[in-house]
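A closer look at the structure
Read off the chains here:
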Amino acid sequence: MPILRLLTGYVKNYQSEKKALYLLCLMMLFWAIYEGTISYMTPLIIVNNGISESIMGIIIGTSSIAGALFDFVACRIFKNTYYKRMFLIMFSICLVYPLILSQAHSFVIYILAMSLWGIYFDLKNIGNFDFVGRHTAKTEHTSSFGLIQVFQSIGFLLAPILVGLLIADSFNYKPLILAWVFLIMGLIFFIFLYISKNQDKPYEEATNNPKQKTWGGLLLDWKDLGKILFPVLILTLMINFIDSFFWTVGPIFAESLTEMKKFAGFFMTAYSLPALLVGWIVGMLTMKYGKKRTAFVTLFIGCLFLALINVIDNTILVILDIFIASFFISMSWPAINGAYADYISETPHYEKEISGLEDFFTNLGYVLGPILAGVIADNIGTAGAFSLLGILGAIVAVVLFIITPRKINVNKSLKAIHEV
């Protein structure tokens, strides 16, 4: 495969300390094709079984309820969040998810499938944060997440196109078989990463408390950290709300674009493509303007374009508008993830708590997004739903820009709270 030879070439040519990062990126590329296929197919499978868009949104939203509960429990059941362990469990769950989804014909089985979906997605996020903290310097956190996003975006770019071609004539389950194939390819690169001789920083011992915390102590830490990181956590909620909104009603909206026929998948491709482009430049922007400010401003601009979708009646212009909106919104992801990696590096003994909070608000966005997407789309249509989403996102971005401090010092803030 030409793209595989091209990408593995990067791994060979980069200095040894970068090889682990590129092995992770290649792993995430093929995992993202799997995940993009699953994300595209899941709402179509549910609706194809006679379930309304509103109920479909509720069903998909339960995946992140499970993920949010898992975030809290994970802080107790895992002694550490070592990325190799997280990814191993992730791949194990990913292997069984398509089988359960394809056989689901009752509400209970759908909920089981969604729970597995939410858990393995969380494991991916936790593993990535741990990996970046171990293998990259603080000044490279944003660029590292940007690079990971580039490779993931290639996968999310290809998946809708492949699915659209496979189900162009009639709905079928062939894409799920394709998803398995790419998942196995990602698993191969995980094995390379697992056995690679790249030395992990002694991050595991430094980032975990010597004593297991009680449930009450964990809740107290989340409460204190939540106060300090509140604006950043709300941004995390918002951008994941937008992403889940797109992947819930986007495929349905795409299939309604009759002018596109078998190329309906290009709608979601237009949403996924910009992340591939911005990942290369967002590091430079955050170095100049700061991580949080970059995230707020780019979210605002992107949402303004998203709000226009309901007044555009040309399919090509709709796809172009989505591309521009996504171009700016996509910059928020690596920018704010870089900020989280900073906080973890500054307070390594709170790694599990910070990554757990980040994942909790990620899941909260993925709970609210699908539910509201389905309900709103049922009432005002998918185009109107996207415009309303853009207006909401722009308002949130402005408020966060105003209320967020220029510098958030987690250590200093925690000391101030504990001294009170």
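The following paragraphs examine the structure supplied in this document.

Here we look at empty space enclosed by the protein
Taken as a whole, this structure holds three cavities of 30 Å³ or more when the rule is applied. Volume-wise, the largest cavity comes out at about 770 Å³. Lining the largest cavity are 44 residues, and of these Phe121, Lys124, Asp243, Trp333 and Tyr366 sit closest to its centre. When contributions to the lining of the largest cavity are tallied by element, the ones reaching two or more residues are helix 2 (16-48), helix 3 (53-77), helix 5 (107-135), helix 6 (141-166), helix 10 (230-256), helix 11 (266-278), helix 14 (315-346) and helix 15 (351-403). Considering only residue class, the lining of the largest cavity consists of 20 nonpolar, 19 polar and five charged.

A short note on the packing of helix 10 against helix 11
Running from N to C, helix 10 and helix 11 cross one another at 155°; their axes reach a closest spacing of 9 Å. In terms of axis orientation, helix 10 runs roughly antiparallel to helix 11. Contact residues: Ile242, Asp243, Phe246, Trp247, Gly250, Pro251, Phe253 and Ala254 in helix 10; Phe267, Met268, Tyr271 and Ser272 in helix 11. Within the contact of helix 10 with helix 11, the residues separate by chemical class into nine nonpolar, two polar and one charged.

Here's the deal with the environment of Ser355
You can see Ser355 is positioned in helix 15. Sequence separation between Ser355 and Ile126 is 229 residues; the distance between their C-alpha atoms is 6.4 Å.

Focus on the packing of aromatic side chains
All chains considered together, the criterion is met by 32 aromatic pairs. Geometrically, the ring pair formed by Trp222 and Phe360 is edge-to-face, given 5.6 Å between the ring centres and 65° between the ring planes. Placement of the pair is Trp222 in helix 9 (residues 215-228) and Phe360 in helix 15, with a sequence separation of 138 residues. In this structure Trp222 comes out as buried when scored by relative accessible area, which is 10%. Taking relative accessible area as the criterion, Phe360 reaches 29% and is therefore assigned partly exposed. For the ring pair Phe253 and Phe386, a centre distance of 5.9 Å and an interplane angle of 65° mean the geometry is edge-to-face.

Describing the nonpolar core
Counting 133 residues, the largest nonpolar core has Trp31, Tyr97, Tyr120, Phe246, Phe267 and Phe386 as the members making the most contacts within it. In terms of residue count, the dominant contributor to this core is helix 2 (21 residues). Residues in contact with Phe246, not counting those within four places in the same chain, are Pro251, Phe267, Met268, Tyr271, Leu306, Ile322, Phe386 and Leu389.

Quick word on a nonpolar patch on the surface
A cluster of nonpolar side chains, Val297, Ile380, Leu388, Ile391, Ile395, Val398, Val399, Phe401, Ile402 and Ile403, forms an exposed patch at the surface whose accessible area comes to about 860 Å². If you tally residues by element for the nonpolar patch, the top one is helix 15, at nine residues. Inspection of the secondary structure puts Val399 in helix 15.

Concerning the packing of helix 6 against helix 7 (residues 174-195)
The contact between helix 6 and helix 7 brings their axes to 9 Å, and the two run at 145°. You can see that helix 6 and helix 7 cross each other, and the crossing is right-handed. Contact residues: helix 6 offers Leu162, Val163 and Leu166, while helix 7 offers Lys174, Pro175, Leu178 and Phe182. Taken together, the residues that form the contact of helix 6 with helix 7 break down as six nonpolar, no polar and one charged.

Re the pattern of salt bridges
The tally for this structure, following the rule as stated, stands at two salt bridges. Here Lys291 and Asp342 are joined by a salt bridge, their closest N and O atoms 2.9 Å apart. With a gap of 51 residues between them, Lys291 in helix 13 (residues 291-306) and Asp342 in helix 14 connect regions that are remote in the sequence. For Lys291, a relative accessible area of 22% corresponds to the partly exposed category.

How each quantity is defined
Along each chain, numbering runs from 1 in the same order as the chain's sequence is written. A pLDDT threshold of at least 70 governs which residues receive local features in this predicted model, and a stricter bar of 80 or more applies before side-chain atom pairs are shown or counted, although totals over entire chains, interfaces and linings include all residues. With hydrogens and water stripped out, all remaining heavy atoms of the structure feed into the side-chain values. A 1.4 Å probe that fits but cannot get out identifies a cavity on a 1 Å grid over protein atoms alone, an open set with protein on both sides within 12 Å along at least five of seven lines counts as a pocket, and a residue lines either if it has an atom within 4 Å of a point. Grid points are joined across faces, edges and corners, and a volume is the space filled by probe spheres set on the points. The secondary structure listing takes helices from DSSP runs of H or I that are at least 4 residues long and strands from runs of E that are at least 2 residues long, numbered from the N terminus. Under the convention adopted here, Pro, Cys and the residues Ala, Val, Leu, Ile, Met, Phe, Trp and Tyr are nonpolar, Asp, Glu, Lys and Arg are charged, and Gly plus all remaining residues are polar. Lines fitted to C-alpha atoms define the axes here, with helix axes fitted over just the stretch in contact, and angles between the N-to-C directions of these axes take values from 0 to 180 degrees. Small angles under 35 degrees read as roughly parallel and large ones over 145 as roughly antiparallel, with 65 to 115 read as roughly perpendicular and the rest as oblique. Only heavy atoms matter for contacts: two residues are in contact if any of them lie within 4.5 Å across the pair. The rule is short: rings of Phe, Tyr and Trp, with Trp giving its six-membered ring, pair when the centres are within 6.5 Å, and they are stacked under 30 degrees, edge-to-face over 60, tilted in between. Whether a residue is buried, partly exposed or exposed follows from its accessible area with a 1.4 Å probe, protein chains only, as a fraction of its type maximum: under 20%, in between, or over 50%, in that order. Residues belong to a common nonpolar core when they are buried Ala, Val, Leu, Ile, Met, Phe, Trp, Tyr or Cys residues joined through side-chain atoms within 4.5 Å. Patches draw on residues past 30% relative accessible area with no salt bridge. Two like charges within 9 Å are joined, as are two nonpolar side chains (Val, Leu, Ile, Met, Phe, Trp, Tyr) within 5 Å. Computed with the Shrake-Rupley method and a 1.4 Å probe, the accessible areas treat only the protein chains shown as cover for residues. For this document, the term salt bridge refers to a Lys or Arg side-chain nitrogen within 4 Å of an Asp or Glu carboxyl oxygen. Take the far helix as the reference: if the near one is turned anticlockwise from it by less than a right angle, the crossing is left-handed, and if turned clockwise, right-handed.

Any link to function would need more than the numbers given here.
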